[in-house]
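Commentary on secondary and tertiary structure
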Amino acid sequence: MTTAAHEQIPARLLGGPTVLLEYGGLRLLTDPTFDEPGEYPITEDFSLVKTAPALVGPADLGPVDAVLLSHDQHADNLDHSGRELLSSVPVTFTTPSGAGRLGGNARGLADWESATLHRPDGGSVTVTAVPALHGPDGLAQRVMGDVAGFVLSADDLPTVYVSGDNASLDAVQRTADRFGPVDTAVLFIGAVRSPRVGGELITINSAMAVEAARILGARRVVAAHMDSWEHFLEGRDDVVKAFETAGLSHILQA
């Protein structure tokens, strides 16, 4: 794809996993997190700590046509303000279990299941849920819960991949086998580790992000999920360095 094709899909990083995509005249938002910094309990003895606010608040966001929600279980992917926002959005795509918990406009998509969004110009966008694992295989689903990635496609637009909270390059490969090469890959990074799964990675690190970009044949990487929360172990500088070392800094938006 040419640079002109990239201009068809603006991506605005808003903080944490929250990215505003414009695709085919539609405005799509990933994992909405707009709360102020603070502590968010997960269990009786463990909390997530938000360290910085989003760049804009929900009131300044403008209209959103759909939310692509990796999962609803963790506050760093869906916080209180994000939950309130969902009621004003026509549809929220997420996992089937997440849709059951959220109700309302939430629509669950199983892996490889697709839905259609109608564009203002009369065309359509296909949203397909793709595999993601929020930790090591065998523990991720049972301990961390189901998560989803997404692919956006249209006959006249370049393909976009949104990883969600994924720690599996095998899941990336399976997506690439069906949809690659992709034009834009929105990768949730952060190198997060959890004692709940033996300290293993529950999101990819910067080195894995480089490998994911190669697997996908991505012509552009939008690096998200690496700031604004204390538990992110790698940040922007780590990601920039990894892509520079790999000779891929020209494809990175971070």
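Note that residues are indexed from 1 along each chain, following the sequence as it is written. In view of the model being predicted, local features appear only for residues whose pLDDT reaches at least 70, and side-chain atom pairs are presented and counted only at 80 or more, with totals across whole chains, interfaces and linings using the full set of residues. Values reported for side chains reflect all heavy atoms of the structure, with hydrogen atoms and water molecules removed beforehand.

Right, let's talk about the overall build of the chain for a bit. Counting from the N terminus, the helices are DSSP H or I runs at least four residues long and the strands are E runs at least two residues long. From N to C terminus, the chain includes 7 helices and 17 strands. By the compact-globule yardstick of 18 Å for 254 residues, the chain fits well, its C-alpha radius of gyration being 17 Å. Exposure categories follow from relative accessible area, calculated using a 1.4 Å probe and restricted to protein chains: below 20% of the type maximum is buried, above 50% is exposed, and the middle band is partly exposed. The burial tally for the chain puts 56% of its 254 residues in the buried class. Sequence separation of 24 or more characterises 62% of the internal contacts of the chain that already satisfy a separation of 6 or more. For the radius of gyration, the atom set is restricted to C-alpha positions; the globular benchmark scales as 2.2 Å times the number of residues to the power 0.38. The contact definition used throughout considers only heavy atoms, calling two residues in contact when any of these lie within 4.5 Å.

This paragraph deals with the side chain of Ser-153. Within the fold, Ser-153 resides in strand S11 (residues 149-154). Ignoring sequence-local partners within four residues, the contact set of Ser-153 consists of Tyr-23, Val-125, Thr-126 and Thr-159.

Moving on: the environment of Ala-213. Among the secondary structure elements, Ala-213 is positioned in helix H6 (residues 206-216). You can call Ala-213 buried: its relative accessible area is 3%. Once the C-alpha coordinates of Ala-213 and Leu-187 are considered, the two residues, 26 residues apart in sequence, prove to be 8.8 Å apart. When near neighbours in sequence (up to four residues on either side) are disregarded, Ala-213 contacts Ala-218, Val-221, Phe-243 and Ile-251.

Further remarks concern the pattern of salt bridges. For this document, the term salt bridge refers to a Lys or Arg side-chain nitrogen within 4 Å of an Asp or Glu carboxyl oxygen. With the rule as written, the count across this model stands at 4 salt bridges. Across the pair Arg-101 and Asp-72 runs a salt bridge, and its minimum N-O distance is 2.7 Å. Of this pair, Arg-101 sits in helix H3 (residues 96-102) while Asp-72 sits in the loop between strand S6 (66-68) and helix H2 (80-86), placing them 29 residues apart in sequence. Classification of Arg-101 as partly exposed rests on a relative accessible area of 46%. Using a relative accessible area of 4% as the deciding quantity, one classes Asp-72 as buried. Here the salt bridges do not stand alone but share partners, grouping Arg-119, Asp-121 and Asp-156 into one network.

This paragraph deals with unusual backbone geometry. With omega at -5 degrees, the peptide bond leading from Gly-180 into Pro-181 counts as cis. Positive phi values are uncommon outside glycine, yet Trp-112 reaches one of about 75 degrees. Along the chain, Trp-112 falls in the loop between strand S8 (106-108) and strand S9 (114-118). In this structure Trp-112 comes out as partly exposed when scored by relative accessible area, which is 22%. With phi around 60 degrees, His-225 is a residue other than glycine that occupies positive phi space. Among the secondary structure elements, His-225 is positioned in the loop between strand S16 (220-224) and helix H7 (236-245).

Looking now at the sheet that holds strand S3 (residues 26-30). Reading across from one edge, S1-S2-S3-S6-S7-S8 is the order of the 6 strands in this open sheet, with mixed pairing throughout. The two strands at the open ends of the sheet, each matched to only one other strand, are strand S1 (11-15) and S8. Averaged over all pairs of adjacent strands, the angle between their axes in this sheet comes to 25 degrees, without regard to strand direction. Sheet analysis places S6 next to strand S7 (residues 92-94), joined by 2 bridges and oriented parallel. Bridging from a neighbouring strand, Leu-68 pairs with Phe-93 of S7. Only strands joined by at least two bridges in the DSSP assignment are considered to pair. Under this scheme, a helix contributes an axis fitted over its contacting stretch, all axes are lines through C-alpha atoms, and angles between N-to-C directions fall in the 0 to 180 degree range.

Of all the positions in H7, only Val-239, Val-240, Ala-242 and Phe-243 are classed as buried. Seen end-on, H7 carries its buried residues on one side only, within an arc spanning 160 degrees. Those residues of H7 that are exposed and aimed more than 90 degrees away from the buried face are Asp-237, Lys-241 and Thr-245. Phi turns positive, to about 75 degrees, at Gly-247, one or two residues after H7. Arc definition: directions from the helix axis to the C-beta atoms.

For the rest of this paragraph, the subject is the packing of aromatic side chains. Two aromatic rings from Phe, Tyr or Trp, using only the six-membered ring of Trp, form a pair when their centres are within 6.5 Å; if the ring planes differ by under 30 degrees the pair is stacked, by over 60 it is edge-to-face, and anything between is tilted. Throughout the structure, instances matching the rule amount to 2 aromatic pairs. Taking 5.5 Å as the distance between ring centres and 55 degrees as the angle between the ring planes, the aromatic pair formed by Tyr-40 and Trp-229 counts as tilted. Residue Tyr-40 is found in strand S4 (residues 38-43), and its partner Trp-229 is found in the loop between S16 and H7; the two are separated by 189 residues along the sequence. Tyr-40 sits in the buried class, given a relative accessible area of 9%. The interplanar angle of 25 degrees and the centroid separation of 6.5 Å between the aromatic rings of Trp-112 and Phe-179 together place this pair among those described as stacked. Of the two residues, Trp-112 sits in the loop between S8 and S9 while Phe-179 sits in helix H5 (residues 169-179), which places them 67 residues apart along the sequence. Two conditions define a charge located above a ring, namely a distance within 6 Å from the ring centre to NZ of Lys or CZ of Arg, and an angle within 35 degrees of the ring normal. The residue whose ring lies beneath Arg-178 is Trp-112, and the NZ or CZ to ring-centre distance is 3.9 Å.

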